[in-house]
Amino acid sequence: MRKRSTIRDVAEAAGVSTVTVSRVVNDSDLVQPETRARVERAMRELGYVPNLAAQAMRTNATRTIGFVVPDLTNYPNAAVAKATEALLAEAGYCLLLTNSDNRLERELKSLEVLTSRRVDGMILYVCDEDDERLRQAVADVDVPLVVLDRDLPVDCDLVLSDHDTAMGEAVRYLTALGHRRIALLSTALRLRPPRERQRAFRAWTEACGLDPAQQSVVHASPDASNALPMAMELLDSRPRPTALIADGSRFLRSVIQAARIRRLDVPCQLSLIGLDAADIAGSATPEVTCIVRDFAEIGRTAAELMLRRLKGDRQAPPHRVVLESSVVLKGSCAAPPAA
């Protein structure tokens, strides 16, 4: 078995001190580019792998970032996590991912575990903004923190989405087609995205002159376990909504299934818009008009903010980045059927 190369072996091969090798490993700015290149070449030739445990003891850094996700099977969460991990990996950091399954106790435990593992920073998608225990646990985090699309009483870097503009565009589009009864199928989770989307839906339908009594916001379980019955109930109501906005892939799938069961033609009898559901929207027939966000951009932005905080001034004021949403028009919307 080949003997594992040591930091002394690398220093000797590169003609530098072990301190210089250590600085290269720790990405220090004190090393000249040509020296860094020589050390990195020696590391590759010798197959040198830094001892991260020993390095953490010396530098008090584990080069690990914790990421708390409420539901990893949810398409947006997985897409954001993937983009975050890719950029952090390029910078030499490992992503430690935890999935709370939208359960508060598991999320609290995740924060505890990540703290005990001495991660260098945390990126959070919390599952309940209003719970006091969770708020306090987040406030107690003593490493750089990036919060994704949540309203929490903590000073930290934020990556938010503009949910208002695209919702307004979608509602104006449906109104211009002639729709006067629109429904939004969403979730009752106490989080910024559904709260902002529901607020924007009510505000824009009113701004478009629609009767508030004829517009409806229907809440289903976050795991969509009751989404199909709720969708069926919506489609069976009288008068039935002529257009429906489904918040998330699972809800969109349930609405498509309910329309098929009730033999309602999309878009001739029911206009349909998905929200954060591009994975389902593109495979439906017809393809579904969708409000979309760039999840890769969200993930990269979160990673960039984290790296900036780790490499820069940790006492600098928090950064707040707001990323846009947009409407992608497809074939699932048309003028409503005659009464």
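Provided above is the structure to which this section pertains.
Here the structure is a predicted model, which means the values were calculated and not measured. (Residues numbered from 1 in each chain as written. Predicted model: local features only at pLDDT ≥ 70, side-chain atom pairs only at ≥ 80, totals over all residues. Heavy atoms only, no water.)

Draft legend 1. Main features of the side chain of Q198. Along the polypeptide, Q198 turns up in helix α9 (residues 192-207). Judged by its relative accessible area of 10%, Q198 falls in the buried class. A distance of 3.1 Å separates the side chain of Q198 from the backbone oxygen of T187, its partner in a polar contact. (Helix = DSSP H or I, 4+ residues; strand = E, 2+ residues; numbered from the N terminus. Buried < 20%, exposed > 50% of the residue type's maximum accessible area, 1.4 Å probe, protein only. Polar contact = N/O pair within 3.5 Å; in protein donor to acceptor, adjacent residues only side chain to side chain.)

Draft legend 2. Highlighting the sheet that holds strand β9 (residues 271-275). Read from one edge of the open sheet, six strands run β7-β6-β8-β9-β10-β12, paired in mixed fashion. Because the sheet does not close on itself, it has two edges, and the strands there are β7 (216-220) and β12 (325-328). With direction set aside, neighbouring strand axes in the sheet form an average angle of 20°. Across four bridges, strand β6 (residues 182-187) lies against strand β8 (residues 243-247) in parallel orientation. Of the residues in β8, the one forming a bridge with L185 is A246. (Pairing = 2+ DSSP bridges. Axes fitted to C-alpha atoms, helices over the stretch in contact; angles between N-to-C directions.)

Draft legend 3. Expanded view of the packing of helix α6 (residues 104-116) against helix α7 (residues 132-139). Running from N to C, α6 and α7 cross one another at 15°; their axes reach a closest spacing of 10 Å. One element, α6, and the other, α7, form an angle in the roughly parallel class. Between α6 and α7 the crossing geometry is left-handed. Contacts between α6 and α7 involve L104, E105, E107, L108 and L111 on the former and, on the latter, R133, L134, A137 and V138. (Parallel < 35°, antiparallel > 145°, perpendicular 65-115°, else oblique. Left-handed = near helix turned anticlockwise from the far one by under 90°. Contact = heavy atoms within 4.5 Å.)

Draft legend 4. Structural context of the packing of aromatic side chains. Taken as a whole, this structure holds two aromatic pairs when the rule is applied. Ring geometry for F67 versus Y125: centroids 6.4 Å apart, planes at 45°, classification tilted. One end of the pair, F67, is in strand β1 (residues 64-69); the other, Y125, is in the loop between β3 (121-124) and α7, with 58 residues separating them in the sequence. Just as F67 is buried, Y125 falls in that class too. Arranged with centres 5.4 Å apart and planes meeting at 90°, the rings of Y75 and F295 form a pair that is edge-to-face. In this pair, Y75 is assigned in helix α5 (residues 75-90) and F295 in helix α13 (residues 295-311), connecting sequence segments 220 residues apart. Above the ring of Y93, the side-chain terminus of R63 is found at 4.3 Å from the ring centroid. For R172, the ring lying beneath its charged end belongs to W204, and the centroid distance is 5.0 Å. (Phe/Tyr/Trp six-rings, centres within 6.5 Å; stacked < 30°, edge-to-face > 60°. Lys NZ or Arg CZ within 6 Å of the ring centre and 35° of its normal.)

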